[in-house]
Amino acid sequence: MRKLAVILPVVVLFPAASPAEEAPSTSANLALTSNYVSRGFTQSWGRPALQGGIDHIRPGGLFAGLWFSTLSTKEFRDGPLEVDLYGGMTGSMAGLNWTAAAYYYLYPGSSSPFVGNRRYDYAEAKLGLSQGAWSINGYWVLTQRWFGTFSDARGSSYLELGYTADLGEGWTLPVQAGFGQIRKHPEARWRQARFGLNKSLDGGLNLLLTVSRAWDRDQFYTSANYSIDPQGLVPVKRLGPTQWALTLSKSW
């Protein structure tokens, strides 16, 4: 699962840089993945997805960006695209790197057919810490509505712990564990684990193989889904099966 409407329009006001400051930088990325998996959920229903984004960083750690991915219409009715808008600030303190940001996740044209045509759009705040190979990130829902399912989700959270082992010669081994819970809905909790093998290639190319698995004790996500296919059938989201993904990306 990862993007402010009425909370914050994701517009970051950047101060002008003085001549002595480092110049702002802008970067872009494009990727093709065999399976878009977010927080243990496949967003592309196990099919390939095209992804990309642009980031702008200012002196002092201020940043803003946009990221997109194609989606499966089995997962998002009439909405084959996700667009994430975000902005925030990074810095360091007492040997720790920190990030504070706000995300808004847009699913243009998509709405849940079983919950009053509720839109999937929602907003989150993020606080993150990292040191060396370790990182921890917390996400909190800012909007009442969440992912087309709940209308009382404000304060829901997702906690993510990560470790990236450097294997040398451009190889890394990222490992991640996550825990999500929807406030006021204890049955809607889930956990996920992901392992990866990453290789940095020449020319800004990167190749990443990941395997992830998610599970929910009460089978809230395993036994139900808020989607519908063009034939009017209800495709059940299967949270449990292991999800593989091979991603080739390019950065500029």
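Source: prediction; values computed, not measured.

1. Concerning the pairing of strand S7 (residues 96–106)
Of the pairings in the sheet, the one linking strand S6 (residues 81–93) to S7 comprises 11 bridges and is antiparallel in character. By the bridge assignment for S7, Met89 is matched with Ala100. Joining the antiparallel neighbours S6 and S7 is a turn of two residues, in which Ala94 adopts a positive phi near 55 degrees.

2. Topic: the environment of Phe147
By the secondary structure assignment, Phe147 is in the loop between strand S9 (134–141) and strand S10 (157–168). Residue class for Phe147 comes out buried when judged on its relative accessible area of 10%. Beyond its immediate stretch of four places on either side in the chain, Phe147 contacts Gln43, Glu75, Phe76, Tyr107, Tyr120 and Tyr122.

3. Notes on the confidence of the model for the protein chain
Looking at the protein chain, pLDDT values average 84 and 83% of them are 70 or higher. Below a pLDDT of 50 lies the segment residues 1–20, which in the model reaches 53 contacts outside its immediate sequence neighbourhood of four places, other chains included.

4. So, the nonpolar core
With 26 residues, the main nonpolar core has Tyr107, Trp146, Phe147, Phe150, Ile182, Trp190 and Tyr221 as its most contacted residues. Listed by contribution, the elements that provide at least two residues to this core are strand S5 (62–70), S7, S9 and strand S12 (185–200). For this core, the element with the highest residue contribution is S7, accounting for three residues. Look past the residues within four positions of Trp146 in its chain and what remains in contact with it is Tyr122, Val141, Ala153, Ile182, Trp190 and Tyr221.

5. Observations regarding the side chain of Lys199
Looking at where Lys199 falls in the secondary structure, it is placed in strand S12. There is no salt bridge for the buried Lys199, and the closest opposite charge comes from Glu169, which lies 5.8 Å off by N-O distance. Of the polar contacts made by the side chain of Lys199, one reaches the backbone oxygen of Glu169; its length is 2.5 Å. Ignoring any residue separated from it by four or fewer positions in sequence, one finds Lys199 in contact with Glu169, Gly170, Trp171, Leu205, Asn206 and Leu207.

6. A word on the pattern of salt bridges
Applying the stated criterion across every chain yields a total of two salt bridges. Taking the shortest distance from any N to any O, the salt bridge between Glu124 and Arg39 comes out at 3.0 Å. Within this pair, whereas Glu124 is found in strand S8 (residues 122–131), its partner Arg39 is found in the loop between strand S2 (37–38) and strand S3 (41–42), the two being separated by 85 residues in sequence. Across the pair Asp121 and Arg119 runs a salt bridge whose closest N-O atoms are separated by 3.1 Å. According to the relative accessible area criterion, Asp121 is buried, its value standing at 12%.

7. Observations concerning the packing of aromatic side chains
Scanning the entire structure with this criterion turns up 17 aromatic pairs. Aromatic pair Tyr158 and Trp190: ring centres 5.9 Å apart, planes at 25 degrees, arrangement stacked. Of this pair, Tyr158 sits in strand S10 while Trp190 sits in strand S12, and the two are 32 residues apart along the sequence. Like Trp190, Tyr158 is buried. The ring of Tyr139 carries Arg39 above its face, with NZ or CZ at 4.7 Å from the centroid.

The rules behind the values
The residue numbers shown here count from 1 along each chain, following its written sequence. In keeping with the predicted nature of the model, local features appear solely for residues at pLDDT of at least 70, side-chain atom pairs appear and are counted solely at 80 or more, and the whole-chain, interface and lining totals rest on all residues. Based on all heavy atoms of the structure, the side-chain values leave hydrogens and waters out of the count. Strands were regarded as paired on the criterion that DSSP finds at least two bridges between them. By definition, any uninterrupted DSSP run of H or I lasting at least four residues is a helix, any uninterrupted run of E lasting at least two residues is a strand, and each is numbered from the N terminus. Partly exposed describes any residue whose relative accessible area lies between the buried limit of under 20% and the exposed limit of over 50%, with all areas from a 1.4 Å probe on protein chains only and scaled to the type maximum. In this analysis, two residues are considered to be in contact whenever any of their non-hydrogen atoms come within 4.5 Å of each other. The pLDDT score gives, residue by residue, the confidence of the prediction method on a 0 to 100 scale. Among the buried residues, those of types Ala, Val, Leu, Ile, Met, Phe, Trp, Tyr and Cys that are joined through side-chain atoms within 4.5 Å form a nonpolar core. Think of it this way: Lys and Arg go in the positive column, Asp and Glu in the negative one, and His and the chain ends go nowhere. Every case where a carboxyl oxygen of Asp or Glu lies within 4 Å of a side-chain nitrogen of Lys or Arg is listed as a salt bridge. Polar contacts, as used here, are pairs of N or O atoms within 3.5 Å; protein pairs need one atom able to donate a hydrogen and one able to accept it. Residues neighboring in sequence count only if both atoms are side-chain atoms. Ring pairs shown here join Phe, Tyr and Trp side chains whose ring centres sit within 6.5 Å, with only the six-membered ring taken for Trp; geometry is labelled stacked below 30 degrees between planes, edge-to-face above 60, and tilted in between. Both a distance and an angle decide whether a charge sits over a ring: NZ of Lys or CZ of Arg must be within 6 Å of the ring centre and within 35 degrees of the ring normal.

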